Amino acid sequence: NGGGVAGASVTPYEKNLHVWRQLWRVLERSAVVLQIVDARNPLFYLSEDLRKYAMEELGKPMLMLVNKSDYLTESQRRAWSAYFTKMGVDHLFFSAYEEQKKIDKAAAAAKRGE
């Protein structure tokens, strides 16, 4: 379906052929493709066209990182994981917020000399 949304406008980046050329060059040189999607609506952010191009045309593995997973309950993460597994999408759940809290805590402890 191309991943488009009816009535959605095209951004200036999507109109810029130079941006697309850069993306293609980066994809060709990459060992793996990582798509980062927002856990609050992962299907909105997942580009199936990019996934197919990377995997089928270039033969590159693709991993989807579901960020902001701290917004999801354990039950929601299990449901999304089952869905993505069924669709053949390799995925990981991640929370940049939770990781930043760990970094901040470690930095504070180091500053105190712990």
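Above this text sits the structure in question.
Residues numbered from 1 in each chain as written. Predicted model: local features only at pLDDT ≥ 70, side-chain atom pairs only at ≥ 80, totals over all residues. Heavy atoms only, no water.

## Looking at unusual backbone geometry
A positive phi angle, close to 65°, is found at Lys68, a residue other than glycine. Note that Lys68 resides in the loop between β2 (62-67) and α5 (74-86). What makes Lys68 partly exposed here is its relative accessible area of 31%. (Helix = DSSP H or I, 4+ residues; strand = E, 2+ residues; numbered from the N terminus. Buried < 20%, exposed > 50% of the residue type's maximum accessible area, 1.4 Å probe, protein only.)

## What about a nonpolar patch on the surface?
Together, Leu17, Trp20, Leu23 and Trp24 give the surface a local cluster of nonpolar side chains, amounting to about 350 Å² of exposed area. Examined against the element boundaries, Leu17 turns out to sit in helix α2 (residues 17-29). The partly exposed category is assigned to Leu17, whose relative accessible area is 45%. (Patch = residues over 30% accessible without salt bridge, like charges linked within 9 Å, V, L, I, M, F, W, Y side chains within 5 Å. Areas by Shrake-Rupley, 256 points an atom, 1.4 Å probe, with all protein chains shown as cover. Salt bridge = Lys/Arg side-chain N within 4 Å of Asp/Glu carboxyl O.)

## Here's the deal with the nonpolar core
Counting 12 residues, the largest nonpolar core is built from Leu27, Val33, Val37, Ala39, Leu46, Ala54, Met62, Met64, Val66, Leu72, Phe84 and Val89. Counting residues per element, the ones that place at least two in this core are β1 (33-38) and β2. The element best represented in this core is β2, accounting for 3 residues. With residues near it in sequence (within four places) discarded, Leu46 still touches Gln35, Val37 and Met64. (Core = buried A, V, L, I, M, F, W, Y, C linked by side-chain atoms within 4.5 Å. Contact = heavy atoms within 4.5 Å.)

## Examining the sheet that holds β1
Judged by pairing direction, the sheet is parallel, and its 3 strands sit side by side in the order β1-β2-β3 without closing on themselves. The sheet is open, and its two edges are formed by β1 and β3 (91-93), each paired on a single side. Each neighbouring strand pair of the sheet contributes to a mean axis angle of 20°, computed without reference to strand direction. Relative to β3, β2 is paired through 3 bridges, and the arrangement is parallel. Residue pairing for β3: Val66 is matched across the bridge by Phe93. (Pairing = 2+ DSSP bridges. Axes fitted to C-alpha atoms, helices over the stretch in contact; angles between N-to-C directions.)

## Describing the packing of aromatic side chains
According to the stated counting rule, one finds 4 aromatic pairs in the structure shown. Aromatic pair Trp80 and Tyr83: ring centres 5.9 Å apart, planes at 85°, arrangement edge-to-face. One end of the pair, Trp80, and the other, Tyr83, are both in helix α5, 3 residues apart, so they sit about a helical turn from each other. Looking at Trp80, the relative accessible area reads 23%, which means it is partly exposed. Ring geometry for Tyr83 and Phe84: centres 5.6 Å apart, planes at 70°, overall edge-to-face. Each member of the aromatic cluster is reached from another via a ring pair, and the members are Trp80, Tyr83 and Phe84. One cation-aromatic arrangement involves Arg40 over Tyr71; the distance from NZ or CZ to the ring centre is 5.0 Å. (Phe/Tyr/Trp six-rings, centres within 6.5 Å; stacked < 30°, edge-to-face > 60°. Lys NZ or Arg CZ within 6 Å of the ring centre and 35° of its normal.)

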